[in-house]
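Architecture at a glance
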Amino acid sequence: MIPARNEADLIGSTVQTLVETLDHEGLDYEILVVDDNSDDGTSAAVAGVASVNPRVRCLQNAGRQGFGHAVRLGLARFDGDAVAIVMADGSDDARDVVLYHRVMEAGYDCAFGSRFMPGAVVTDYPRLKLMLNRIVNFGIRLLFAHGYNDTTNAFKAYKREVIENLQPLLSPHFNLTVEMPLKAVTRGYSYAIVPTSWTHRRAGSSKLDLREMGSRYLFIVLYVFLEYHLTRGDYRAAGDRLASRPGYLASAQLPPRSRGRRLARRG
């Protein structure tokens, strides 16, 4: 599922790369693009791919605009047993969607990618954005003790039952990228952390306002933290399958053989 706003220059290649990668792996899939009221021909670019591939479709967000609203609409309308949220600008590696599929096949409820662990590849990350990213993620990791250093990364995957149990989702903007994984962790779902690739966009501009990494992120982080501690686990999934200590899930890795193949491909 790809939220997109004014990404006409990149969305076509992003979708086509995903199609080629998933077809090559022989996976059953759909690609759902949620056009967040673009005015640059984003939908037309998607339609060009969809015209020759019925697995690709575009959904118009006719309601309130914003990254969080677009993602929430897509989460309400996707088909299938699991969903990966992929960025429209091509910054996420399509091969990592396949990796996330393997995570689900291994029995995990969620797949969390990290751009800041051994085996990850990051290209041309803006210096200021990187500095703020590391500060925010360090604070979140310290507060939740979940062993994950890239919570703010939007590129993650969840099984359908997880999405259903994360409701209600509140964030209208990019702070949704924090709300979803933190709720999944504190509500008891299992997850694997795997290295992923990230490449700076080749065209257009990022829709993330760095000011969002202040009050909006702080609000949602505190909201999930308080929900967990004040509800006494009322929302937790049955059977903390990978929990190693009361209250939190430990970061879980894929079986060594699967990780080894991935790291070898990274070189």
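Look above for the structure.
What comes next is a walk through the structure. (Residues numbered from 1 in each chain as written. Predicted model: local features only at pLDDT ≥ 70, side-chain atom pairs only at ≥ 80, totals over all residues. Heavy atoms only, no water.)

**Here we look at the sheet that holds strand β5 (residues 110-114)**
Strand order in the open sheet formed by four strands is β4-β7-β5-β8, and the pairing between neighbours is mixed. On the outer flanks of this sheet lie β4 (82-84) and β8 (191-195), each paired with one strand and no other. Along the sheet, successive strands turn relative to each other by an average axial angle of 15°, direction set aside. Pairing between β5 and β8: five bridges, direction parallel. (Pairing = 2+ DSSP bridges. Helix = DSSP H or I, 4+ residues; strand = E, 2+ residues; numbered from the N terminus. Axes fitted to C-alpha atoms, helices over the stretch in contact; angles between N-to-C directions.)

**Structural notes on the packing of aromatic side chains**
Under the defined criterion, the tally for this structure stands at nine aromatic pairs. Between Phe112 and Tyr158, the ring centres sit 6.1 Å apart and the planes meet at 65°, which makes this aromatic pair edge-to-face. Remark: Tyr158 occurs in strand β7 (residues 156-159) and Phe112 occurs in strand β5; sequence separation between them is 46 residues. Between the aromatic rings of Tyr125 and Trp198, the centroid separation amounts to 4.6 Å while the plane-to-plane angle is 35°, which identifies the pairing as tilted. Of this pair, Tyr125 sits in the loop between β6 (121-123) and α5 (127-144) while Trp198 sits in strand β9 (residues 197-199), placing them 73 residues apart in sequence. When sorted by exposure, Tyr125 lands in the same class as Trp198, which is buried. Above the plane of the ring of Phe78 lies Arg160, whose end atom (NZ or CZ) is 4.1 Å from the centre. (Phe/Tyr/Trp six-rings, centres within 6.5 Å; stacked < 30°, edge-to-face > 60°. Buried < 20%, exposed > 50% of the residue type's maximum accessible area, 1.4 Å probe, protein only. Lys NZ or Arg CZ within 6 Å of the ring centre and 35° of its normal.)

**Looking at the pairing of strand β2 (residues 31-35)**
Counting buried residues in β2 gives five out of five residues, a clear majority hidden from the surface. Side chains Ile31, Val33 and Asp35 project from β2 onto one buried face, and the interleaved Leu32 and Val34 project onto a second face that is buried too. Here strand β1 (residues 2-4) runs beside β2; their pairing, made up of three bridges, is parallel. Bridging across to β2, Ala4 finds its partner in Asp35. The handedness of the β1 to β2 crossover, carried by helix α1 (residues 11-25), is right-handed. The pairing of β2 with strand β3 (residues 56-60) spans five bridges and is classified as parallel. By the bridge assignment for β3, Val34 is matched with Leu59. What joins β2 to β3 is helix α2 (residues 42-50), and the crossover it makes is right-handed. (Right-handed = clockwise from strand over helix to strand, strands pointing away.)

**What about helix α7 (residues 176-186)?**
Because the α-helix completes a turn every 3.6 residues, residues three or four places apart line up on one side. A large share of α7 lies buried, amounting to 11 of its 11 residues. Taken as a whole, α7 has its buried residues at Leu176, Thr177, Val178, Glu179, Met180, Pro181, Leu182, Lys183, Ala184, Val185 and Thr186. Gly188, located one to two residues past α7, shows a positive phi value of around 95°.

**What to know about the side chain of Thr186**
Within the secondary structure, Thr186 is located in helix α7. A polar atom in the side chain of Thr186 sits 3.4 Å from the backbone oxygen of Lys183. When sequence neighbours within four positions are dropped, the list of residues in contact with Thr186 reads Phe144, Val224, Tyr228 and Arg236. (Polar contact = N/O pair within 3.5 Å; in protein donor to acceptor, adjacent residues only side chain to side chain. Contact = heavy atoms within 4.5 Å.)

**Some remarks on unusual backbone geometry**
Look at the link from Gln167 to Pro168: it is a cis peptide, with omega at 0°. Position of Pro168 among the secondary structure elements: in the loop between α6 (160-165) and α7. For Asp124, which is not a glycine, the phi torsion comes out positive at approximately 60°. Mapped onto the elements of the fold, Asp124 is located in the loop between β6 and α5. Relative accessible area serves as the criterion here: at 61%, Asp124 is assigned to the exposed category. For Ala145, which is not glycine, the phi dihedral falls at a positive 50°. Along the chain, Ala145 falls in the loop between α5 and β7.

The values are spatial; any link to function lies outside them.
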